[in-house]
Amino acid sequence: MPRLNIDDIEKACKIIDEVFLNSPQYECEPLGNALGCRLILKVETNNPIRSFKGRGGVLLCTNATEKSLVCASAGNFGQAIAYGCRKQNIALTIFAAENANPYKIKRMRDLGANVILKGEDFDGAKAHAKQFGEENNIRFVIDSFDIETVIGAGTIGLELSKFPETLDYLLIPLGNGALFNGIATYFKAKSPSTKLIAVQAKGASAMVDSWHEKRLIEHEVVNTIADGIGVRLPVQEALDDMEKLIDGCLLVEENSIIEAMKLLHLEAGLVVEPAGAVGVSAILENREMFANKAVATIICGSNLTEKQIKDWL
C-alpha cells in the first residue's frame with residue numbers, strides 16, 4: 001500500500017499555516033522565451049522560511065505529541081521544524097554539518113532551535129542526530145521518512161494541479177524525496193499525462209543512482225553547491241515511494257545550476273538557491289527535450305548568504 005494518498009494531502013490544507021499555502025504559480029514569459037519553452041514557475045520562497053519545507057514542518061509539529069524533537073538539516077528543513085516547534089512550544093535540537101550554510105544556521109537559531117554543528121556533511125550530521133535522540137530518548141524526525149513531510153509537499157501538487165492547462169513536464173528537485181513524492185502523488189492521480197521528472201545534481205546523485213539500480217546506493221561524498229539536495233545516503237522509504245511515481249530523472253552540472261540561478265534572477269527577478277534552480281538547469285541542458293512544451297518547475301528555496309549572492313548572481 002502507498003504511504004499516502006490524495007485525501008491525506010487535501011486534509012493537510014486545513015492544518016498547515018496559511019502563510020505557506022497558495023504560493024505564486026504563473027507562466028514566466030521572459031524566462032520561457034530564453035529557454036525555448038512555456039515555463040511555469042511555482043515559487044515557494046515568499047514565506048517566513050523562504051522554502052517549501054514549512055508546509056511539511058508545520059504539519060509534523062502540529063501532529064507531534066512529544067515535548068522535545070531532534071533532527072538533522074542542511075538548513076531549510078531545520079528552519080521548518082523550528083518554526084513549527086516554536087508554535088507548538090516543543091523543544092528542538094538540530095544537527096547540521098560543520099560547513100553548513102551560515103545564513104541557514106543563524107535562521108534556525110533565531111527560530112529557537114538548539115543547533116549543534118557536527119559531521120562533515122548532511123548525512124554525517126544525521127548520524128549524530130540519530131545517536132543523540134537514542135541516548136536522550138528524544139524522537140528523531142527525518143525529512144522524507146516522517147510522512148507529514150511528504151504530505152506537506154503534496155499540497156504544492158494540489159495547488160499546481162489547478163493551473164488552467166495540462167503540463168507536459170513537471171521538473172521537481174530531488175533531495176531526500178519528500179518534495180518529489182508529495183507532488184507526484186497528487187499529479188499521478190489528477191494529471192496522469194504529465195511527465196514527472198526528478199532533477200538532481202550530478203555531484204549528489206545517490207537517489208537517482210539508487211533508482212536506476214533498484215537498490216539503495218550510498219556515496220562516500222557529495223560534491224555540489226546545491227546543499228539543499230546534497231544527499232549521499234537515501235531514505236529507503238522515499239525510494240520505495242518514488243518507484244511508483246517517477247517518469248524519469250535528469251542530473252545537472254554545477255555550471256548550469258549557476259547559469260540557471262542567474263537567469264532566474266535576471267528574467268524572473270528571483271533570488272534562488274542552487275537546489276531551487278535545478279529544474280531550470282535541466283531545461284538548459286536538454287533544450288530539445290523541452291522545446292515548445294509546457295514545463296513547470298518548483299522554485300523550492302532562496303536561502304543564500306551575502307557572499308553566495310555576490311559570487312553567483
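Look up a bit, the structure's there.
I will try to describe carefully the structure that is included in this document. (Residues numbered from 1 in each chain as written. Predicted model: local features only at pLDDT ≥ 70, side-chain atom pairs only at ≥ 80, totals over all residues. Heavy atoms only, no water.)

Here the focus is the environment of glutamate 254. Relative to the helices and strands, glutamate 254 resides in helix 11 (residues 254–268). C-alpha of glutamate 254 to C-alpha of phenylalanine 145: the two residues are 109 residues apart in sequence and 28 Å apart in space. Dropping the residues within four chain positions of it, glutamate 254 is found in contact with Ala201, Asn223, Thr224 and Ile225. (Helix = DSSP H or I, 4+ residues; strand = E, 2+ residues; numbered from the N terminus. Contact = heavy atoms within 4.5 Å.)

Right, let's get into the nonpolar core. It is characteristic of soluble globular proteins that their nonpolar side chains tend to be buried jointly. The biggest cluster of nonpolar side chains holds 75 residues, and the ones touching the most others in it are Leu35, Leu41, Leu170, Leu179, Phe180 and Leu264. In terms of residue count, helix 12 (residues 274–285) provides more of this core than any other element does, seven residues in total. Once residues within four sequence positions are removed from consideration, leucine 41 is found in contact with Pro24, Gln25, Tyr26, Cys28, Leu264, Ala268, Leu270, Thr297 and Ile299. Core analysis: the second largest hydrophobic core is formed by 36 residues, Cys71, Ala82, Cys85 and Ala100 among them. (Core = buried A, V, L, I, M, F, W, Y, C linked by side-chain atoms within 4.5 Å. Buried < 20%, exposed > 50% of the residue type's maximum accessible area, 1.4 Å probe, protein only.)

The next thing to look at is the packing of helix 3 (residues 54–63) against helix 7 (residues 147–160). Relative orientation of the contacting elements helix 3 and helix 7 amounts to 135 degrees, with a least axis distance of 7 Å. Judged by the inter-axis angle, helix 3 sits oblique to helix 7. Regarding helix 3 and helix 7, the two cross each other, and that crossing is right-handed. Where helix 3 approaches helix 7, its residues Arg55, Gly56, Leu59, Leu60 and Asn63 are matched on the opposing element by Glu148, Thr149, Ile151, Gly152, Thr155, Ile156 and Glu159. (Axes fitted to C-alpha atoms, helices over the stretch in contact; angles between N-to-C directions. Parallel < 35°, antiparallel > 145°, perpendicular 65-115°, else oblique. Left-handed = near helix turned anticlockwise from the far one by under 90°.)

Two aromatic rings, taken as a pair, are described by how far apart their centres are and by the angle between their planes. Within this structure, the stated rule accounts for three aromatic pairs. Ring plane angle 85 degrees and centroid distance 5.1 Å describe the contact between phenylalanine 20 and tyrosine 83, whose orientation is recorded as edge-to-face. Here tyrosine 83 lies in helix 4 (residues 76–88) and phenylalanine 20 lies in the loop between helix 1 (6–12) and strand 1 (25–27), a separation of 63 residues in the sequence. Overall, the relative accessible area of 2% leaves phenylalanine 20 in the buried class. (Phe/Tyr/Trp six-rings, centres within 6.5 Å; stacked < 30°, edge-to-face > 60°.)

Next up on the list: unusual backbone geometry. A positive phi is found at asparagine 22, a non-glycine position, where the angle reads about 55 degrees. By secondary structure assignment, the location of asparagine 22 is in the loop between helix 1 and strand 1. The residue asparagine 89 is not glycine, and still its phi comes out positive at about 60 degrees. Relative accessible area serves as the criterion here: at 72%, asparagine 89 is assigned to the exposed category.

Our next topic: the pattern of salt bridges. Scanning the model with the defined rule gives 21 salt bridges in all. The residue aspartate 241 makes a salt bridge to arginine 3 at a minimum N-O spacing of 2.9 Å. Linking aspartate 241 in helix 10 (residues 236–243) with arginine 3 in the segment before helix 1, this pair joins segments that are 238 residues apart in sequence. In this structure, arginine 232 engages aspartate 121 in a salt bridge whose closest nitrogen and oxygen atoms are separated by 2.6 Å. With arginine 232 in the loop between helix 9 (206–213) and helix 10 and aspartate 121 in the loop between strand 5 (114–117) and helix 6 (122–136), this pair connects stretches of sequence that are 111 residues apart. For aspartate 121, a relative accessible area of 13% gives the class buried. The network of salt bridges with shared partners includes Lys42, Glu44, Arg55 and Glu159. (Salt bridge = Lys/Arg side-chain N within 4 Å of Asp/Glu carboxyl O.)

Inspection of the secondary structure assignment puts serine 51 in the loop between strand 2 (38–43) and helix 3. Among the residues examined, serine 51 registers a relative accessible area of 1% and is labelled buried. With residues near it in sequence (within four places) discarded, serine 51 still touches Phe20, Glu44, Thr45, Asn76, Cys300, Gly301 and Asn303.

The strand order across the open sheet built from four strands is 5-4-3-6, with neighbouring strands paired in parallel fashion. For this open sheet the edge positions go to strand 5 and strand 6 (139–140), each flanked by a neighbour on one side alone. Where strand 4 (residues 91–96) and strand 5 come together, four bridges link them in parallel fashion. Directly across from alanine 96, in strand 5, lies its bridge partner leucine 117. The strands touched by helix 5 (residues 102–110) are strand 4 and strand 5; relative to strand 5, the strand with the most contacts, the crossing angle is about 150 degrees. (Pairing = 2+ DSSP bridges.)

Another point: the layout of surface pockets. Using a probe with the size of a water molecule, rolled over the atoms, empty space left in the structure can be pinpointed. By volume, the largest pocket is sized at about 450 Å³. What lines the largest pocket is a set of 24 residues, and nearest its centre among them are Asn99, Asp121, Val222, Thr224 and Asp227. Looking at the lining of the largest pocket, its residues break down into 11 nonpolar, eight polar and five charged. Taken as a whole, the second largest pocket holds about 180 Å³ of empty space. (1 Å grid on protein atoms, 1.4 Å probe; cavity = no way out; pocket = protein on both sides within 12 Å on 5 of 7 lines; lining within 4 Å. Points joined across faces, edges and corners; volume = space filled by probe spheres on them. Nonpolar A, V, L, I, M, F, W, Y, C, P; charged D, E, K, R; others polar.)

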